[in-house]
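# Remarks on the overall topology
Each chain, letter by letter, is given below.
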Amino acid sequence: MQLEQIESPIVELESTNFSAAETARAQQTHWNADALDYHDRHKNYLSGFYWCPEMLNEEHARLLGDVANQRILEIGCGSAPCARWLAHQFATADIFAFDISVNMLRAAPDVEKRNQPTNLHLIQADATLLPFADTSFDQVFSVFGAIPFIANLASLFTAVARCLRPGGRFIYATNHPMRWVFLDDPGEAGLLAAVSYFEDNYHEMDSESGELTYIEYHHSFGDHVRALTAAGFQLVDVLEPKWPDDLTEIWGQWSPLRGKIFPGTAIFLAELLPNRR
């Protein structure tokens, strides 16, 4: 493959600031409309607790560990396949999971049948307004949930710290910061750096109403580290899963072609310092 044959001009994103209310409204509208198609496109990924499109399975990775008798919170759960897996595996744990989109929550297979695990609690909520009491959880996690769609990481992480007990763990998977510079394409065009690492968001506007319809935020590695530190967390590890040799499924911009060259996911593992909250 000759990279010089790929035409991929530099993409300049328009830098625009949006209010928290505008962002929340756009996220809710987008995911409500996309819920059914999203589940149809990603059936395998949503069949259990997978941390990322590289299909890192919690059953094997054990990033959360044994959560028996713990209270766990998932941020941006979608239809909650991860929280549901935990609830089934650990009957003595209390699992709380929320999402801004009611249609994503309704897509959960147990909701209509009214037979979801009794220790699983699904809630509609906005990640920027965490409706939970102080020190109420042992661990908080997010699997490509709200993190890429939040402008102010420091504010979110401070709210997470408030909800955690001292020494509690915060683990989240998100787009690898490096991935931002590449075009959103699983093929050869997606191998060239074309977007500035220093751009902070990608957004779409309705051509008629002028309203924000979709927005995704870019946070650098430094942004993640500073936000965690400011909230009182100690960064324990960052995982960058490799693309498995036997995984051939394309997931949006994630593909075997790109995955074998550079990481698409970063998983941050942090602990709340005992004297910080």
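Residues numbered from 1 in each chain as written. Predicted model: local features only at pLDDT ≥ 70, side-chain atom pairs only at ≥ 80, totals over all residues. Heavy atoms only, no water.

In the nomenclature of an unreviewed UniProt entry, the protein chain corresponds to Methyltransferase family protein from the organism Corynebacterium mustelae.

## Some remarks on the overall build of the protein chain
For the protein chain, the count of helices and strands is 8 helices and 9 strands. Here the protein chain has a C-alpha radius of gyration of 19 Å; the compact-globule value for 277 residues is 19 Å, and the two agree. A principal-axis box enclosing the C-alpha atoms of the protein chain has dimensions of 55 × 40 × 40 Å. For the protein chain, the proportion of its 277 residues judged to be buried stands at 52%. Long-range contacts, defined here as pairs at least 24 residues apart, represent 73% of the contacts in the protein chain between residues at least 6 apart. For the protein chain, the accessible area works out to roughly 13400 Å², and carbon and sulfur atoms hold 50% of it. Taken together, the 19 basic and 37 acidic charged side chains of the protein chain have centroids lying 10 Å from each other. (Helix = DSSP H or I, 4+ residues; strand = E, 2+ residues; numbered from the N terminus. Rg over C-alpha atoms; globule rule 2.2 N^0.38 Å. Buried < 20%, exposed > 50% of the residue type's maximum accessible area, 1.4 Å probe, protein only. Contact = heavy atoms within 4.5 Å. Areas by Shrake-Rupley, 256 points an atom, 1.4 Å probe, with all protein chains shown as cover. Lys, Arg positive; Asp, Glu negative; His and termini not counted. Charge placed at Lys NZ, Arg CZ, Asp CG, Glu CD.)

## Regarding the confidence of the model for the protein chain
For the protein chain, the average pLDDT comes to 89, and 91% of its residues sit at 70 or higher. Every residue in residues 1–8 is under pLDDT 50, and counting partners more than four places away or in other chains gives 10 contacts. (pLDDT = per-residue confidence, 0-100.)

## Thoughts on the side chain of R179
Following the sequence through the fold, R179 ends up in the loop between β5 (164–175) and β6 (201–205). Buried and unpaired, R179 has no salt bridge, with E54 as the nearest side chain of opposite charge at 5.1 Å. (Salt bridge = Lys/Arg side-chain N within 4 Å of Asp/Glu carboxyl O.)

## Quick word on the side chain of E58
Relative to the assigned elements, E58 resides in helix α2 (residues 58–61). Despite being buried, E58 has no salt bridge partner; R62 is the closest side chain of opposite charge, sitting 5.3 Å away. Setting aside residues no more than four positions away along its own chain, E58 makes contact with F49, W51, L63, L64, G65 and W85.

## Remarks on the pairing of strand β2 (residues 94–99)
On a regular strand, one side chain projects to one face of the sheet and the next to the other, so that they alternate. Within β2, 5 of the 6 residues are buried, leaving the element largely enclosed by the surrounding structure. Of the pairings in the sheet, the one linking strand β1 (residues 71–75) to β2 comprises 5 bridges and is parallel in character. Of the residues in β2, the one forming a bridge with E74 is A97. In the classification by handedness, the crossover that spans β1, the intervening helix α3 (residues 81–89) and the parallel β2 is right-handed. Bridge count between β2 and strand β3 (residues 120–124): 5 bridges; the pairing is parallel. If you follow D99 over to β3, its bridge partner there is Q124. (Pairing = 2+ DSSP bridges. Right-handed = clockwise from strand over helix to strand, strands pointing away.)

## Focus on the pattern of salt bridges
Within this structure, the stated rule accounts for 7 salt bridges. Between R165 and D138 there is a salt bridge, with its nearest N and O atoms 3.0 Å apart. Of this pair, R165 sits in strand β5 while D138 sits in strand β4 (residues 137–143), and the two are 27 residues apart along the sequence. Where E271 meets R169, a salt bridge forms, and the shortest distance between an N and an O atom there is 3.8 Å. Of this pair, E271 sits in strand β9 (residues 265–272) while R169 sits in strand β5; the two residues are 102 residues apart in sequence, bridging distant segments of the chain. Accessibility expressed as a relative area gives 31% for E271, which makes it partly exposed.

## Details of the nonpolar core
Formed by 40 residues in total, the largest nonpolar core has its most connected members in Y45, F49, W51, L64, L86, I95 and F141. Elements supplying a minimum of two residues to this core: α1 (20–41), α3, β2, α4 (102–106), β4, β5 and β9. No other element matches α3, which puts 5 residues into this core. The residues touching W51, leaving out its near neighbours within four places in the chain, are Y45, L56, E58, L63, L64, F141, S142, V143, F144, I171, A173 and I267. Among the nonpolar cores identified, the runner-up in size contains 31 residues, and F170, A227, A231 and F233 belong to it. (Core = buried A, V, L, I, M, F, W, Y, C linked by side-chain atoms within 4.5 Å.)

## Focus: α1
The end-to-end C-alpha distance of α1, which contains 22 residues, comes to 29 Å, matching closely the 32 Å that a straight helix rising 1.5 Å per residue would cover. The largest bend along α1 reaches roughly 55 degrees and is located at A35. (Expected span 1.5 Å × (residues − 1). Bend = angle between axes of the 7 residues up to and from the residue.)

## Looking at α3
For α3, a buried count of 7 out of 9 residues is recorded, marking the element as mostly surrounded by other parts of the structure. Those residues of α3 lying buried are P81, C82, A83, R84, W85, L86 and A87.

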